[in-house]
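Residue strings, one per chain:
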Amino acid sequence: MTERPSGVFPAVCPLDCPDTCGLLLHKENGKIVKVTGNPDQPATRGAICNKVRHMADRVHHPERLLYPMRRSGPKGSGQFVRISWDEAVSEIAEKFRGLSAEHGPESILPYSFYGNMGVLNAEGMDRRFFGRLGASKLAYTICNSAGNAGWKYTMGFGGGSSPEDTLNAKLFIVWGGNIVSTSMHQAVLMEQARKNGAKVVVIDVHKNMTGRRADWFIPLHPGTDTALALGVMHVLFDRGLTDEDFLRRNAIGTEELREHVKAYTPERTARITGVPAGDIVRLALMYGETSPSHIHIGNGLQHHDNGGMAVRTVCCLPALTGQWARGGGAFKSNGAYASLNDEALQRPDLRPNPGARTINMNKLADALLTLTPRIRGLFVFGSNPAVVAPEADRVREGLMREDLFTVVHELFLTDTAKYADIVLPATSSFENTDLYTSYWHHYVQLQEPVIGAVGESKSNFETFKLLAEAMGFGEEAFREDEESVIRAALNNPDNPYLNGVTFEKLREERFVPLDMTPKKEYLNRLSTPSGKIELYSERLKSLGLPPLPTYLPLEEGFDGENRGVRNSAYPLMFVSPPNHNFLNSTFANVEKHQSLEKEPLLQIHPQDAEARGIADGERVEAYNDRGVCALKASVTDLMLPGTVVSQGLWWNAPEGREGEREAPAGRGGRRLANALTSSRIADMGGGATFFSTTVEVRPADASSSA
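Residues numbered from 1 in each chain as written. Predicted model: local features only at pLDDT ≥ 70, side-chain atom pairs only at ≥ 80, totals over all residues. Heavy atoms only, no water.

Participant: For this particular structure, what's the right way to read the sheet that holds strand β20 (residues 511-513)?
Facilitator: The strands making up a sheet are joined through hydrogen bonds of the backbone, oriented either antiparallel or parallel. Ordered in space as β18-β19-β20, the three strands form an open sheet in which the pairing is antiparallel. Looking at strand neighbours, the two that pair on one side only are β18 (434-436) and β20, the edges of this open sheet. Direction aside, neighbouring strands of the sheet carry axes that sit 20° apart on average. Pairing of β18 with strand β19 (residues 443-447) involves three bridges; the strand directions are antiparallel. By the bridge assignment, Tyr436 is partnered in β19 with Gln445. (Pairing = 2+ DSSP bridges. Helix = DSSP H or I, 4+ residues; strand = E, 2+ residues; numbered from the N terminus. Axes fitted to C-alpha atoms, helices over the stretch in contact; angles between N-to-C directions.)

Below is the structure:
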């Protein structure tokens, strides 16, 4: 397709989003001029979000990195000089050899995530390279690991309701997710279900765009989702609304749970959550008396100290009412249906030190500042940790270390890239060959290059092959091409859902459905130790966690029973969910998206604003012991009193200078939400605790005298 300068070509959306849309790229004279949806893709049917519609502006952005660069000024200054790829690769290889010889290969850390969801470029040749090098391992835990762990302790197999199943729902509950902004096609199916008679209930800490579309929005205190679900269970058992036959056949721990939830009366649950007791009863009756019902479990509730337990508890509800046998159920992630042959893709057999240390990516600040032996080499790709990682000021302090050799492979000179010693230009996904699976729908898709590489940019796949060659790694694994690796990844006999998905079919059809026949035996394929839905989990007990779903108050935060006890100096809960036009920090440098979001806001309840003398539109600072974030106040009642909300992850800006992205070298993040967030680890899966954050808020002009 690259050799044809003009035309319309199939493609795949690379964003870290459940939908994984099929696209059509309109190209003129070798340049993408328009992006539309592919109407032939059965799951996404030609509809795309505003982010992807403007993807050409990002691909052909005037600030795209076009060639490798070496730092020429202080770290963080963004001062670089152009060098060749040969020079860059040689310097990196020489430095990595030296660090490995002097400090051991575990002194080198790769840091990446899914800035590009293509399998080859997100978890292919990079895993092979750093494994063969013997570098420290990275635990990829920043997004959904707590919730996935909670789901697996209950359900085992990491798959749930299929998208098409939700069309039949008579009750559609979105719990802790803003699907209008983060999974638009599921939102479309939700609306179709509503037209067929379904009621839509949204449970969240903030009345976001999805909440505003609900038939009933239920606000609650952050981190109290477990208590609400247990209060619903109390009513279900008390009113005889559980499916006892289903539970006998398909679950263990029913009697223990029945006794356990007696403590979560509607009145007590109301005190904890802020949801009125009458509403808790109403929700339970609605759920217990409506079939089929579907629960869409979002990312929000898992980003707490108790996030794994929250998801575990919510996903017990469909078992109590037998929804899995009634056409209902729940969804957290469907990625397991498309599980690939990771052994063939990532080649862990290449690693000479299988016991190498593993570093949780949420702990990057500690890894750079306090870990021993020290991290002395850092390679960042597919992520922008100076913005997205917790404790952002400490992350930047670590990136400022002169004895830390940092390489960043990126499309732009991001906040992170400004701290690099070597910057490498990365291709966009539309310049690559790659394989895409979805963690929502049941199609596998192939992307082949539509345009040639912009400037001297190279893919992650190609970059790590070049580095492997420079390091003298002679294994055949580093000479394989994209097609060979895709074929190997698809060859996974342990996954019957991949039956019929081949490279030949993908090249011919672009999107190939999974074989969902095995899903008919879903309840017989659960991979819990008992083979059943585990309302009571011996595995959790062995780990020192409650074996039954149990509400545990936040380590940092409060609820209606324990308000302000733990953090009286910082009495407000701070939540930083996505906004509508960015995806994490992606698109935050694209003018159209900036203009749509305008500027960072801090949404604060009128009661909290009045108590602090804050007016709507006033410049304010949210602060705690970790940092300060400067924003404009938006006084609103979209959440309960005691909660403040800032949507979106913005690139940095100097204090008091609106409309600029850059900050002085080494300066903390004046509008970085993650300057406030903790790197504590959640209860399960090593997950992040972004939303278990407490702050105080003051007018910006009060900071000088504070």
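Now that the structure has been shown, the text picks up again.
Participant: Would you take a moment to explain the packing of aromatic side chains for this structure?
Facilitator: Working definition: an aromatic ring pair is given by the centre-to-centre distance plus the angle between the planes. In total, this model carries 18 aromatic pairs according to the counting rule given. Relative to Tyr497, the ring of Phe157 has its centre 6.0 Å away and its plane inclined at 25°; by these criteria the two rings are stacked. Of this pair, Phe157 sits in the loop between α6 (145-155) and β8 (171-175) while Tyr497 sits in the loop between α22 (482-490) and α23 (503-509), and the two are 340 residues apart along the sequence. Residue Tyr497 is classed as buried on the basis of its relative accessible area, which comes to 1%. Both rings, one in Tyr337 and one in Tyr497, keep their centres 4.9 Å apart while their planes meet at 70°; by these two values the pair is edge-to-face. Here Tyr497 lies in the loop between α22 and α23 and Tyr337 lies in the loop between β13 (329-331) and α17 (342-346), a separation of 160 residues in the sequence. The pair formed by Tyr337 and Tyr497 is uniform in burial state, with each residue classed as buried. (Phe/Tyr/Trp six-rings, centres within 6.5 Å; stacked < 30°, edge-to-face > 60°. Buried < 20%, exposed > 50% of the residue type's maximum accessible area, 1.4 Å probe, protein only.)

Participant: Looking at this structure, how should I read the sheet that holds strand β2 (residues 22-28)?
Facilitator: In space, the three strands of this open sheet follow the order β1-β2-β3, with antiparallel pairing throughout. The sheet is open, and its two borders are formed by β1 (7-12) and β3 (31-37), each paired with just one other strand. Averaged over neighbouring strand pairs, the angle between their axes works out to 30° when direction is ignored.

Participant: How do you make sense of the packing of helix α13 (residues 266-273) against helix α14 (residues 277-289) when you look at a structure like this?
Facilitator: Any two packed helices are characterised by how steeply their axes cross, that is the angle between the axes, and by the distance between the axes. Interhelical geometry of α13 versus α14 gives an angle of 110° and a closest axis separation of 8 Å. Taken together, α13 and α14 sit at an angle that is classed as roughly perpendicular. Handedness of the α13/α14 crossing: right-handed. Of the residues in α14, those in contact with Pro266, Glu267, Thr269, Ala270 and Thr273 of α13 are Ala277, Ile280 and Val281. (Parallel < 35°, antiparallel > 145°, perpendicular 65-115°, else oblique. Left-handed = near helix turned anticlockwise from the far one by under 90°. Contact = heavy atoms within 4.5 Å.)

Participant: I'm lost on the nonpolar core in this one. Help?
Facilitator: Most often, soluble globular proteins keep nonpolar side chains buried together rather than apart. By size, the foremost hydrophobic cluster in this structure holds 167 residues, and its most contacted members are Phe96, Phe129, Phe130, Trp175 and Ile533. Residue contributions to this core peak at nine residues, all from helix α10 (residues 225-238). The residues contacting Trp175, other than those within four sequence positions of it, are Ile203, Asp225, Leu228, Ala229, Ile295, His296, Ile297, Gly298, Leu301, Val314 and Leu317. Counting residues in each nonpolar core, the second largest holds 19 residues, with Cys13, Leu15, Cys21 and Val59 among its members. (Core = buried A, V, L, I, M, F, W, Y, C linked by side-chain atoms within 4.5 Å.)

Participant: For this particular structure, what's the right way to read the pairing of strand β23 (residues 601-604)?
Facilitator: Remember that side chains alternate between the two faces of the sheet whenever the strand is regular. Pairing between β23 and strand β25 (residues 627-635): four bridges, direction parallel. Bridge pairing links Leu602 to Ala633 in β25. Note that β23 and strand β26 (residues 643-645) share two bridges and pair antiparallel. Paired with Gln603 across the bridge in β26 is Val645.

Participant: Teacher, can you tell me more about α22 here?
Facilitator: Val485, Ile486, Ala489 and Leu490 are the residues of α22 that are buried. One side of α22 carries all its buried residues, which in axial view fall inside an arc of 130°. (Arc of directions from axis to C-beta.)

Participant: Looking at this structure, I do not really get unusual backbone geometry. What am I missing?
Facilitator: With the exception of glycine, the majority of residues adopt a negative phi angle, and the majority of peptide bonds are in the trans configuration. Geometrically, the link from Ser291 to Pro292 is a cis peptide bond, its omega value of -10° lying close to zero. Here Pro292 is to be found in the loop between α14 and β12 (293-297).

Participant: What is the right way to read the packing of α10 against α14 from this model?
Facilitator: One can describe the packing of α10 onto α14 by two numbers: an axis separation of 9 Å at closest approach and a directional angle of 65°. Of the possible angle classes, the one that applies to α10 and α14 is roughly perpendicular. For the element pair α10 and α14, the recorded crossing hand is right-handed. Contacts between α10 and α14 involve Leu228, Gly231, Val232, Val235 and Leu236 on the former and, on the latter, Ile280, Val281, Leu283, Ala284, Leu285, Tyr287 and Gly288. Across the contact of α10 with α14, the residue classes break down as 10 nonpolar, two polar and no charged. (Nonpolar A, V, L, I, M, F, W, Y, C, P; charged D, E, K, R; others polar.)

Participant: Even after reading the chapter, I still don't get the pairing of β19, so can you show me in this structure?
Facilitator: Among the five residues of β19, five are classified as buried, and the element is accordingly described as predominantly covered. Residues Tyr443, Gln445 and Gln447 point to one face of β19 and Val444 and Leu446 to the other, with burial holding for every one of them. Linking two consecutive strands that pair antiparallel, namely β18 and β19, is a turn of six residues. Relative to β20, β19 runs antiparallel, the two sharing three bridges. Of the residues in β20, the one forming a bridge with Gln445 is Phe511.

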